[in-house]
Amino acid sequence: MILSIESSCDDSSIAITEIETKKLIFHKKISQELQHSIYGGVVPELAARLHVEALPKILEECKEYFPKLKAIAVTNAPGLSVTLMEGVTMAKALSISLNLPLIAVNHLKGHIFSLFIEKEEIFPTTILLVSGGHTQIIEANSFDNMKILATTIDDSFGESFDKVAKMLGLGYPGGPIVQEKGLKGDENRFDFPVPLRQSPNIEFSYSGLKNAVRIQIEKLEKEEISEQDICDICASFEKTAVAHIMQKVKKLFKTKSSKHFAIVGGASANIRLRSAIEEFCKTKEMTLFLSELKYCSDNAAMIGRVALEQYKAKDFTTAKDIDVKTRLKEF
Ligand code: ATP
Ligand code: FE
C-alpha cells in the first residue's frame with residue numbers, strides 16, 4: 001500500500017491506496033473553508049497552522065496500515081510553499097522512520113488522475129483543468145507525456161468566482177456560492193464582455209471580467225444593492241465566465257480532434273460549465289469524463305492514484321532531495 005498526503009492549499013488529506021488493485025483503503029480530508037471564509041480567501045500562514053493540527057489527527061486514524069506500506073507519497077508542487085512544507089515534512093519523517101521510499105507528486109497530475117481513482121487510466125485525452133490556481137487545456141497522451149495547449153494570462157476560472165464572491169461579501173470559496181446565487185438570478189441583466197473574444201490566441205484571461213463586475217457592483221452600491229441584484233450579477237458573471245471557456249475550446253477544436261475529453265479541478269463542479277462542455281462533446285462525438293464530485297476539489301486519493309504510476313516506474317526521491325515548488329511551468 002501507498003500512503004499519500006495532500007496539503008498544497010486549504011485541505012489536509014491523507015489516503016492509503018492498495019498497489020495491486022488500485023483500491024482506496026482509507027481516505028480522509030479536513031477542509032479549512034470555514035476558517036478562511038471571513039477573509040474572503042486562503043490566508044497561507046493560517047492554512048499552515050491548521051495543517052499542523054489536522055494532518056497528525058488523520059494520520060492517527062490510519063496507523064493500523066503502517067506495516068503494509070511500501071512507499072510514502074506527497075504533493076510537493078505547485079501550491080502555497082508554507083502549506084506544502086507541512087505535508088512534505090510529515091512525509092519525510094514517515095519515510096525516514098518507516099524506512100520507505102518517498103514519491104513527490106505533481107498536484108496538477110493529481111487533479112488529472114482524480115478521473116482514474118480505483119480505475120484504469122484512459123489516454124490520450126484532452127483535459128480542461130479548472131481550479132483555484134489554474135485554467136489550462138492539456139493534451140494528455142500518457143503519464144509522462146502531457147502538453148499544455150492553453151493557459152491563463154492572469155487570474156484562473158475558479159479564482160474569478162472567489163474574487164466576485166469576495167467583492168459581494170459572500171464568503172469563500174466563491175464557486176459554489178456564486179453558482180447558488182446565480183441560479184436565482186437573471187443571466188441577461190448585465191452584459192459583461194467575454195474576455196479575449198477578438199483574440200485569435202487560445203488562452204484565457206479573467207482579470208478584465210473581474211474588473212467589469214467590480215465596476216457594476218460599485219454602480220449598484222451607489223444606491224442600495226439588493227439580494228436580486230447580487231443574484232443577477234452572479235448569473236451574468238457566470239454566463240460570461242463559461243462563455244469565455246467555450247469560445248476558446250471551440251476555437252481549439254477547429255484545428256484538432258480528440259476521442260476523449262475531460263474536465264478536472266475544483267471548479268469542474270460548476271454545473272453550467274459541465275453542461276456546456278457536455279453539449280459540445282456531443283456535437284464532436286467525444287466521450288466526456290468527469291471525476292466524482294467528492295474528488296474534484298483537493299484530496300489525497302488523487303495523489304495516491306498518481307503515486308501508483310510513479311511506484312511502478314520506481315520514480316522515487318529521498319527526504320534529503322525532495323523540495324517544494326510553488327509553480328510548475330510544465331508537466
Ligand atoms: P490548484 O489546484 O490550481 O492549485 P486549488 O487546489 O486551490 O488550486 P481546487 O481545490 O482544485 O483549487 O478548486 C477550488 C476552486 O474551485 C476555488 O476557486 C473554488 O471557488 C472553485 N469552485 C468550486 N466549486 C465551484 C463551482 N461550482 N463553480 C465554480 N468554481 C468552483
Ligand atoms: Fe487543487
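- For the protein chain, the name recorded in an unreviewed UniProt entry is tRNA N6-adenosine threonylcarbamoyltransferase, with Halarcobacter anaerophilus as its organism.
- Note on the protein chain: under the UniProt heading Subcellular location (unreviewed entry), the record states "Cytoplasm".
- According to the UniProt record, the Sequence similarities (unreviewed entry) comment for the protein chain is "Belongs to the KAE1 / TsaD family."

So, the overall build of the protein chain
Part 1: Along the protein chain, the regular secondary structure elements total ten helices and ten strands.
Part 2: Compactness check: the protein chain gives a C-alpha radius of gyration of 20 Å against a globular reference of 20 Å for 331 residues, within 12% of the reference.
Part 3: Each principal axis of the C-alpha atoms in the protein chain carries an extent, and together these give about 65 × 45 × 30 Å.
Part 4: In the protein chain, which comprises 331 residues, the proportion classed as buried is 47%.

So, the packing of helix 8 (residues 227–252) against helix 9 (residues 271–284)
Part 1: Orientation of helix 8 relative to helix 9, taken along the N-to-C sense of each, is 30 degrees, at an axis distance of 10 Å. The angle between helix 8 and helix 9 places the two elements in the roughly parallel class. Between helix 8 and helix 9 lies a crossing whose hand is right-handed. On helix 9, the residues touching Glu 238, Val 242, Ile 245, Met 246, Val 249 and Lys 250 of helix 8 are Arg 272, Leu 273, Ala 276 and Phe 280.
Part 2: Class assignment for the residues of the contact of helix 8 with helix 9 results in seven nonpolar, no polar and three charged.

With respect to the UniProt feature "binding site: Fe cation" (unreviewed entry) in the protein chain
Part 1: Under the UniProt annotation, the feature "binding site: Fe cation" (unreviewed entry) is placed at His 107, His 111 and Asp 298. A maximum C-alpha distance of 8.6 Å is found for the annotated residues, which run over 192 residues; spatially they form one tight group.
Part 2: Assignment of secondary structure puts His 107 in helix 4 (residues 107–113).
Part 3: His 107 gets classed as buried once you count the C-beta atoms within 10 Å, which come to 24.

So, the domain arrangement of the protein chain
Part 1: In terms of domain boundaries, the protein chain breaks down into domain 1 (2–117 + 295–312) and domain 2 (125–290).
Part 2: Contributing elements (two or more residues each) for the side of domain 1 that touches domain 2: helix 1 (33–37) and helix 4.
Part 3: Residue composition of the side of domain 1 that touches domain 2, grouped by class: six nonpolar, seven polar and three charged.

So, the nonpolar core
Part 1: Ala 73 and Ala 307 are the most contacted members of the largest nonpolar core, which totals 84 residues.
Part 2: For this core, the leading source of residues is helix 8, giving ten residues.
Part 3: Looking at which domains feed residues into this core, each of domain 1 (2–117 + 295–312) and domain 2 (125–290) gives three or more.
Part 4: Not counting chain neighbours up to four residues away, the residues in contact with Ala 73 comprise Ile 2, Ser 4, Ile 103, Val 105, Ile 303, Gly 304 and Ala 307.

A look at the environment of Phe 289
Part 1: With respect to the helices and strands, the residue Phe 289 is situated in strand 10 (residues 287–290).
Part 2: A tally of 17 C-beta atoms within 10 Å means that Phe 289 is categorised as partly exposed.
Part 3: In the structure, Phe 289 is positioned 164 residues away from Thr 125 in sequence and 9.2 Å away in space, judged by C-alpha atoms.
Part 4: If we skip the residues at most four places from it in the chain, Phe 289 touches Leu 115, Ile 122, Thr 125, His 260 and Ala 262.

Considerations on the sheet that holds strand 8 (residues 145–150)
Part 1: Taken together, the five strands give an open sheet; going across it, the order is 8-7-6-9-10, and neighbouring strands pair in mixed fashion. The open sheet has two edge strands, strand 8 and strand 10, and neither has a second partner. Direction aside, the axes of adjacent strands within the sheet are offset by 25 degrees on average.

Points about the UniProt feature "domain: Gcp-like" (unreviewed entry) in the protein chain
Part 1: Here, UniProt's "domain: Gcp-like" (unreviewed entry) annotation points to residues 24–304.
Part 2: With 46% helix and 17% strand, residues 24–304 has its two end C-alpha atoms placed 9 Å apart.

Considerations on the sheet that holds strand 5 (residues 102–106)
Part 1: With mixed pairing, the five strands of this open sheet are ordered in space as 3-2-1-4-5. The strands lining the two open edges of the sheet, one partner per strand, are strand 3 (24–31) and strand 5. Averaged over all pairs of adjacent strands, the angle between strand axes in this sheet comes to 20 degrees, irrespective of strand direction.
Part 2: The pairing of strand 1 (residues 2–6) with strand 2 (residues 11–17) spans five bridges and is classified as antiparallel. When the bridges of strand 2 are listed, Ile 5 appears paired with Ile 14.
Part 3: Here helix 3 (residues 81–98) sits on the sheet in contact with strand 1, strand 4 (71–77) and strand 5, set at roughly 160 degrees to strand 4.
Part 4: In the packing of helix 10 (residues 300–312) onto the sheet, contacts are made with strand 1, strand 2, strand 3, strand 4 and strand 5, and the angle to strand 1 comes to roughly 130 degrees.

Conventions we followed
Residues numbered from 1 in each chain as written. Chains lettered and ligands numbered in written order. Predicted model: local features only at pLDDT ≥ 70, side-chain atom pairs only at ≥ 80, totals over all residues. UniProt positions renumbered as here; feature names shortened; annotations may be inferred. Helix = DSSP H or I, 4+ residues; strand = E, 2+ residues; numbered from the N terminus. Rg over C-alpha atoms; globule rule 2.2 N^0.38 Å. Buried ≥ 20, exposed ≤ 12 C-beta atoms within 10 Å, placed from the backbone. Axes fitted to C-alpha atoms, helices over the stretch in contact; angles between N-to-C directions. Parallel < 35°, antiparallel > 145°, perpendicular 65-115°, else oblique. Left-handed = near helix turned anticlockwise from the far one by under 90°. Contact = placed C-beta atoms within 7 Å. Nonpolar A, V, L, I, M, F, W, Y, C, P; charged D, E, K, R; others polar. Domains from an automatic or database assignment. Core = buried A, V, L, I, M, F, W, Y, C linked by C-beta atoms within 7 Å. Pairing = 2+ DSSP bridges.

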